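Chain and residue survey
Below, each chain spelled out in residue letters.
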Amino acid sequence: MIRIAGIARDSIAEAIELEAGSTLISLNGVELRDSLDLLYLQAEERLELEAETAAGERRVYDIEKGPDDSLGIVPEPDKIRRCTNACAFCFVKGNPRANKLRASLYIKDDDYRLSFLYGHYVTLTNLREEDWTRIVEQRLSPLYVSVHATDPSVRLAMLRNPRSAEINEDLDRLQAGGVAFHAQVVLCKNLNDGSVLERTMEDLYERGPDVLSLSIVPVGLTAHNAERGIEGLTTADCRSVLGQVDAIRARSLDERGTGWCYAADELFLRAGEEVPGREYFDTDDLIGNGVGAVSGLRDTVRAALGDFPKLRGRRIVLVTGTSMGPSLGELGREISRASGAEVRTAVQENTLFGPSVTSAGLLSGVDVERALRPHEECDLALISRTALNDEDRFLDDVTMAELRDALPGLEICPSENIVDVLSRL
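Keep in mind it's a predicted model, so treat the numbers as computed, not measured. (Residues numbered from 1 in each chain as written. Predicted model: local features only at pLDDT ≥ 70, side-chain atom pairs only at ≥ 80, totals over all residues. Heavy atoms only, no water.)

1. Section: a negative patch on the surface
- The grouping of E44, E45, D68 and D69 at the surface amounts to a negative patch.
- Within the fold, E45 resides in the loop between α2 (35-41) and β4 (46-52). (Patch = residues over 30% accessible without salt bridge, like charges linked within 9 Å, V, L, I, M, F, W, Y side chains within 5 Å. Areas by Shrake-Rupley, 256 points an atom, 1.4 Å probe, with all protein chains shown as cover. Salt bridge = Lys/Arg side-chain N within 4 Å of Asp/Glu carboxyl O. Lys, Arg positive; Asp, Glu negative; His and termini not counted. Charge placed at Lys NZ, Arg CZ, Asp CG, Glu CD. Helix = DSSP H or I, 4+ residues; strand = E, 2+ residues; numbered from the N terminus.)

2. Comments concerning the packing of aromatic side chains
- The final tally for this structure, using the stated rule, is six aromatic pairs.
- Relative to Y144, the ring of Y121 has its centre 5.5 Å away and its plane inclined at 90°; by these criteria the two rings are edge-to-face. Taken together, the residues Y121 in the loop between α3 (112-118) and α4 (129-137) and Y144 in strand β7 (residues 143-146) connect sequence positions 23 residues apart.
- Relative to W260, the ring of Y205 has its centre 5.3 Å away and its plane inclined at 75°; by these criteria the two rings are edge-to-face. Placement of the pair is Y205 in helix α7 (residues 194-206) and W260 in the loop between α8 (235-255) and β10 (261-263), with a sequence separation of 55 residues. For the pair Y205 and W260, a shared accessibility class is recorded, and that class is buried.
- One aromatic cluster is present, formed by Y262, F268, Y280 and F281 through successive ring pairs.
- Here R249 stacks its cationic end above the ring of Y280, 3.7 Å away from the centre of that ring.
- The ring of Y205 has R256 lying over it, and the distance from NZ or CZ to the ring centre is 3.6 Å. (Phe/Tyr/Trp six-rings, centres within 6.5 Å; stacked < 30°, edge-to-face > 60°. Buried < 20%, exposed > 50% of the residue type's maximum accessible area, 1.4 Å probe, protein only. Lys NZ or Arg CZ within 6 Å of the ring centre and 35° of its normal.)

3. What to know about the pairing of strand β2 (residues 23-27)
- Taking burial as the measure, the five residues of β2 include five buried ones, the bulk of the element.
- The pairing of strand β1 (residues 2-7) with β2 spans two bridges and is classified as antiparallel. Each residue of the ladder has a partner; that of R3, found in β2, is T23.
- As judged from the four bridges shared by β2 and β4, these two strands associate in the antiparallel manner. When the bridges of β4 are listed, T23 appears paired with E52.
- Bridging between β2 and strand β3 (residues 30-31) involves two bridges; their strand directions are antiparallel. By the bridge assignment, L27 is partnered in β3 with V30. (Pairing = 2+ DSSP bridges.)

4. A short note on the packing of α4 against helix α6 (residues 167-176)
- The interhelical angle for the contact between α4 and α6, taken along N-to-C directions, is 35°, at an axis separation of 9 Å. Residues E129, W132 and I135 of α4 form the contact with α6, whose own contacting residues are D170, R173 and L174.
- Looking at the contact of α4 with α6 residue by residue, the class counts come to three nonpolar, no polar and three charged. (Axes fitted to C-alpha atoms, helices over the stretch in contact; angles between N-to-C directions. Contact = heavy atoms within 4.5 Å. Nonpolar A, V, L, I, M, F, W, Y, C, P; charged D, E, K, R; others polar.)

5. Thoughts on the packing of α7 against α8
- Between α7 and α8, the least distance of the axes is 11 Å, while the angle of their chain directions is 20°. It follows that α7 is roughly parallel to α8 by the angle criterion. Our pair here, α7 against α8, has a crossing hand that is right-handed. Side by side, α7 and α8 meet where G194, L197, E198, M201, E202, Y205 and E206 of the first sit next to V241, Q244, I248, R251, S252 and E255 of the second.
- Split into classes, the residues belonging to the contact of α7 with α8 amount to five nonpolar, three polar and five charged. (Parallel < 35°, antiparallel > 145°, perpendicular 65-115°, else oblique. Left-handed = near helix turned anticlockwise from the far one by under 90°.)

6. With respect to the sheet that holds strand β14 (residues 411-415)
- Read from one edge of the open sheet, four strands run β12-β11-β13-β14, paired in parallel fashion. Across the chains shown, the open sheet's two edge strands, defined by having one partner strand only, are β12 (342-347) and β14. Averaged over all adjacent pairs, the angle separating strand axes in this sheet is 25°, with direction ignored.
- In terms of strand pairing, strand β11 (residues 315-320) meets β12 through six bridges, oriented parallel. Residue pairing for β12: R315 is matched across the bridge by E342.
- Most of the contacts of helix α11 (residues 325-339) go to β12, to which it runs at about 170°, and overall it touches β11 and β12.

7. A closer look at the nonpolar core
- Residues L171, L174, L214, I216 and I418 are the most contacted members of the largest nonpolar core, which totals 71 residues.
- For this core, the element with the most residues is α8, which contributes five residues.
- Ignoring any residue separated from it by four or fewer positions in sequence, one finds L174 in contact with L124, W132, I135, L143, V145, V179 and F181.
- With 19 residues, the next largest nonpolar core counts V317, V319, V368 and C378 among its residues. (Core = buried A, V, L, I, M, F, W, Y, C linked by side-chain atoms within 4.5 Å.)

8. Let's talk about unusual backbone geometry
- Note that the residue after S141, namely P142, is joined by a cis bond; omega there is 5°.
- Tracing the backbone shows P142 in the loop between α4 and β7.
- Despite not being glycine, D392 shows a phi value in the positive range, around 60°.
- The residue D392 is located in the loop between β13 (380-384) and α13 (400-406) in this model.

9. Remarks on the pattern of salt bridges
- Within the structure shown, the criterion is met by 35 salt bridges.
- A salt bridge links R33 to D37; the shortest N-O distance between them is 2.7 Å.
- The salt bridge involving R251 is made with E255; its shortest N-O contact spans 3.5 Å. Of the two residues, R251 and E255 both sit in helix α8, four residues apart, roughly one turn of that helix.
- By relative accessible area, which is 27% here, R251 ends up partly exposed.
- Under the relative-accessibility criterion, E255 is labelled partly exposed at 49%.
- Shared partners join several salt bridges into a network, and the residues in it are R33, D34, D37, D111, R113 and R134.

Dropping the structure here:
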């Protein structure tokens, strides 16, 4: 059953007088387990919806609709499927203790539904038989799978879950069910790098087009999990990995016409090399997982330079983490030349997770305030939209309202790509 959290205005649900607080029981005779069932089943043009009001009254609604029309029901959040692995490199385990973050950030999720709906990577280790059946029956494709290694013994050593050694059988099962997937490797020094990575890339490539992509991401260690026995990659390591990725990409470009395997932005930055342009990544599907975000930002800004309004006399500060400092500094200079504005870059070290965490999207509210203090005389500050959740809260639970109150003379705007804000000035 699904409890209704809200009803969209001018929707079918509003027209039939469904109300928040009611419970959805079944759709076309099929019991509703969660919001994914609702999304899947409401695609039919004729629906029989059984619901129970908050007062306990059972009602049945007969609905005719277009195949692409949503009912307009906003369900309460589903209970999240938790992770059953014990990865030493787990970023959740790298959170600071004493509940210094938003409560949801201490939840280790490994939920195939979130993988299908939002592109979260999952390990497949907690799937029950009914989950496998549902994945195939509802064609939950593509999924995003954290493979890490196709060598069963290596994957077992990384995930520390007996089920994790069955990765190749799990991938066989996805393919047999017609489910495509994006694969990911979080690379840990002396664990799944070198010849192990070579085997993983080869094994996944040989599975054919059902493996839509392979992303290679360097492990992210914080000040709170750096002592758990996992080593980060050095500059030389990153350069070596980029060579391995280039080799399999050359093969894929020759045989399939796409790069297929993609090094995450962080690999290029740690290697001291320029992040390539968007053409390297073929698609924007993986940007949310740190693959192509830097090039996407850079290309978006450069494409818009000629259309920026004249901003002479305006003072603008761009806040970022340490990895993007040089790249954003260069973009800031280009924006300044194009618009006439004075554009500064405020590079902030992460004090919440430690200096090894360098992304702007992982800066806390306290760190953003610290970065902006020396620039209070500016007119406008742009911060990464990814540093905030849907409620405009930073990782440390500081709100945008609190940040603005702390810096009342400075206009602070979350931004997806800089252009979204500057083009409106």
